[in-house]
Amino acid sequence: QVQLVESGGGSVQAGGSLRLSCAASGYTYRSYSMGWFRQAPGKEREGVACFYINGGVPYYPNYADSVKGRFTISQDNAKNTLYLQMNSLTPEDSGVYYCAAERSLFYGDTWKRTLNWHYWGQGTQVTVSS
C-alpha cells in the first residue's frame, strides 16, 4: 500500500550540493514520521535526519551530528514529497540514501534504529569525489 520512491542522487565534487527527493503514495495517516538514512560500503545503515508530521506540518527535526549545519530535511505536503538538501558535501557523505516512513512519534535517539521504521524506499546512490 505505502510506496516511497527516492530520486536526485548522483555524483558531485567535494564542497558541492545535492537535493534528494522522496515521493510518497498510499500513506494517508494524519500523524507519522519520515526520515532519511544512508549506508556506505562495509558500514551499517545510519540515520541522517527525520521529523514528525502532524496535520501536514513537520515538528521535532533530528539530525545526525555529522550532518548538522550542512543538511536540511523538509517536505512539500501538497506534493507528498520529502526532501533532503545536502550542502558542503564530503567523500564521507557517499553512500546509498534511503527514505523511510513510520506511524510513530520517536523520542530520544530511537529514530536512529532502522528496525523501528516499517516503510522504505529502494535507495538512491550519492557519490562525492575529492
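A short note on unusual backbone geometry
Excluding glycine, most residues fall at negative phi; most peptide bonds, likewise, are trans.
Phase 1 of the analysis: The phi dihedral of Asn80 falls on the positive side, at around 50°, and the residue is not glycine.
Phase 2 of the analysis: In this fold, Asn80 is placed in the loop between strand 7 (71-76) and strand 8 (81-86).
Phase 3 of the analysis: When its relative accessible area of 44% is taken as the criterion, Asn80 is described as partly exposed.
Phase 4 of the analysis: In this structure, Ser88 takes a positive phi of about 50° despite not being glycine.

Comments concerning the pattern of salt bridges
Phase 1 of the analysis: Tallied over the full model, the rule gives four salt bridges.
Phase 2 of the analysis: Close ionic contact of Arg38 with Glu46 constitutes a salt bridge, the shortest N to O distance being 2.8 Å.
Phase 3 of the analysis: One salt bridge in this structure joins Lys68 and Asp65, with 3.1 Å as the shortest N-O distance.
Phase 4 of the analysis: Taking relative accessible area as the criterion, Asp65 reaches 61% and is therefore assigned exposed.

A word on the nonpolar core
Phase 1 of the analysis: Membership of the largest hydrophobic core comes to 27 residues, with the highest contact counts inside it found for Met34, Trp36, Leu84 and Met86.
Phase 2 of the analysis: When contributions to this core are tallied by element, the ones reaching two or more residues are strand 3 (18-25), strand 4 (31-39), strand 5 (46-54), strand 7, strand 8, strand 9 (95-102) and strand 11 (124-129).
Phase 3 of the analysis: Examining the composition of this core, we find that four residues originate from one element, strand 5, more than from any other.
Phase 4 of the analysis: Discounting chain neighbours no more than four positions away, the residues touching Leu84 are Leu18, Arg19, Leu20, Trp36, Val48, Ala49, Phe71, Thr72, Ile73 and Tyr97.

Things to note about the packing of aromatic side chains
Phase 1 of the analysis: Counted by the stated rule, this structure contains seven aromatic pairs.
Phase 2 of the analysis: Ring centres of Tyr52 and Tyr60 lie 6.4 Å apart, and the angle between their planes is 25°; this geometry places the pair in the stacked category.
Phase 3 of the analysis: Look at Tyr60 and you get exposed, because its relative accessible area is 54%.
Phase 4 of the analysis: Note on Phe106 and Trp117: the rings are 4.8 Å apart at their centroids and 35° apart in plane angle, and the pair reads as tilted. With Phe106 in the loop between strand 9 and strand 10 (119-120) and Trp117 in the loop between strand 9 and strand 10, this residue pair connects regions lying eleven residues apart in the sequence.
Phase 5 of the analysis: Trp117 gets classed as buried once you look at its relative accessible area, which sits at 4%.

Cut-offs and rules
Residues numbered from 1 in each chain as written. Predicted model: local features only at pLDDT ≥ 70, side-chain atom pairs only at ≥ 80, totals over all residues. Heavy atoms only, no water. Helix = DSSP H or I, 4+ residues; strand = E, 2+ residues; numbered from the N terminus. Buried < 20%, exposed > 50% of the residue type's maximum accessible area, 1.4 Å probe, protein only. Salt bridge = Lys/Arg side-chain N within 4 Å of Asp/Glu carboxyl O. Core = buried A, V, L, I, M, F, W, Y, C linked by side-chain atoms within 4.5 Å. Contact = heavy atoms within 4.5 Å. Phe/Tyr/Trp six-rings, centres within 6.5 Å; stacked < 30°, edge-to-face > 60°.

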